[in-house]
Amino acid sequence: QVQVVESGGGLVQPGGSLRLACAASGSIADITTMGWYRQYPGKPRLSIALITKDDVTSYDGSVKGRFTISRDNTKNLMYLQMNSLKPEDTALYYCNAGGAWRGSWGQGTQVTVSS
């Protein structure tokens, strides 16, 4: 398992940008897939962006073209660049590894998009 800590959330106006960071407790170089997830109140946590160790990415249609996932294996960091934010992006955002590497879920970081 991998332990992660999310940061970078906050209040932003529609159309604005935020960059979330995910700091891992150890090396992520060998973790096949890492991802960002978000959760609306009372709803299941959903995957929105995934990235493999070879930098192959995939996105949920709701964020594709607006969000960019990246990872820096030398610093054990993962990022989610969020542009053109919409009110419907308001949620708790989490990072984690996929598959066998999956660890416990952290507290997430709150993103609120409102004017």
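Residues numbered from 1 in each chain as written. Predicted model: local features only at pLDDT ≥ 70, side-chain atom pairs only at ≥ 80, totals over all residues. Heavy atoms only, no water.

**Q** Explanation requested: the environment of Trp-105 in the structure shown.
**A** Mapping Trp-105 onto the fold places it in the loop between strand E9 (91-97) and strand E10 (109-113). Classification of Trp-105 as partly exposed rests on a relative accessible area of 29%. For the pair Trp-105 and Gln-3, spaced 102 residues apart in sequence, the C-alpha separation works out to 8.2 Å. Beyond its immediate sequence surroundings of up to four residues, Trp-105 is in contact with Tyr-37, Arg-45, Tyr-94, Cys-95 and Asn-96. (Helix = DSSP H or I, 4+ residues; strand = E, 2+ residues; numbered from the N terminus. Buried < 20%, exposed > 50% of the residue type's maximum accessible area, 1.4 Å probe, protein only. Contact = heavy atoms within 4.5 Å.)

**Q** Before we go on, may I ask you to explain the packing of aromatic side chains in this structure?
**A** For any two aromatic rings, the description comes down to two numbers: the centre-to-centre distance and the angle of the planes. Taken as a whole and judged by the stated rule, the model has 2 aromatic pairs. Judged by centre distance (5.0 Å) and plane angle (85 degrees), the rings of Tyr-37 and Trp-105 are edge-to-face. One end of the pair, Tyr-37, is in strand E4 (residues 33-39); the other, Trp-105, is in the loop between E9 and E10, with 68 residues separating them in the sequence. For Tyr-37, a relative accessible area of 7% translates into the label buried. Pairing Tyr-94 with Trp-105 gives two aromatic rings, centres 6.0 Å apart and planes at 80 degrees, and the pair type is edge-to-face. (Phe/Tyr/Trp six-rings, centres within 6.5 Å; stacked < 30°, edge-to-face > 60°.)

**Q** Just checking my understanding: could you explain the nonpolar core for this structure?
**A** Within soluble globular proteins, side chains that are nonpolar generally end up buried alongside one another. With 27 residues, the main nonpolar core has Trp-36, Leu-80, Met-82 and Tyr-93 as its most contacted residues. If you list the elements that add at least two residues to this core, you get strand E3 (18-24), E4, strand E5 (46-52), strand E7 (67-72), strand E8 (77-82), E9 and E10. If near-sequence neighbours (up to four positions away) are discounted, Met-82 is found in contact with Gly-16, Ser-17, Leu-18, Leu-20, Arg-66, Phe-67, Tyr-93 and Val-111. (Core = buried A, V, L, I, M, F, W, Y, C linked by side-chain atoms within 4.5 Å.)

**Q** It is not clear to me how the state of the cysteines should be interpreted in this structure. Could you clarify?
**A** Cysteine pairs can be linked by a disulfide, which is a covalent bond between their two sulfur atoms. Taken as a whole and judged by the stated rule, the model has 1 disulfide. Through a disulfide, Cys-22 is tied to Cys-95; the S-S separation comes to 2.1 Å. Where Cys-22 bonds to Cys-95 through sulfur, the torsion about that S-S bond is close to 80 degrees, and the disulfide is right-handed. Linking Cys-22 in strand E3 with Cys-95 in strand E9, this pair joins segments that are 73 residues apart in sequence. In this structure Cys-95 comes out as buried when scored by relative accessible area, which is 0%. (Disulfide = S-S within 2.5 Å.)

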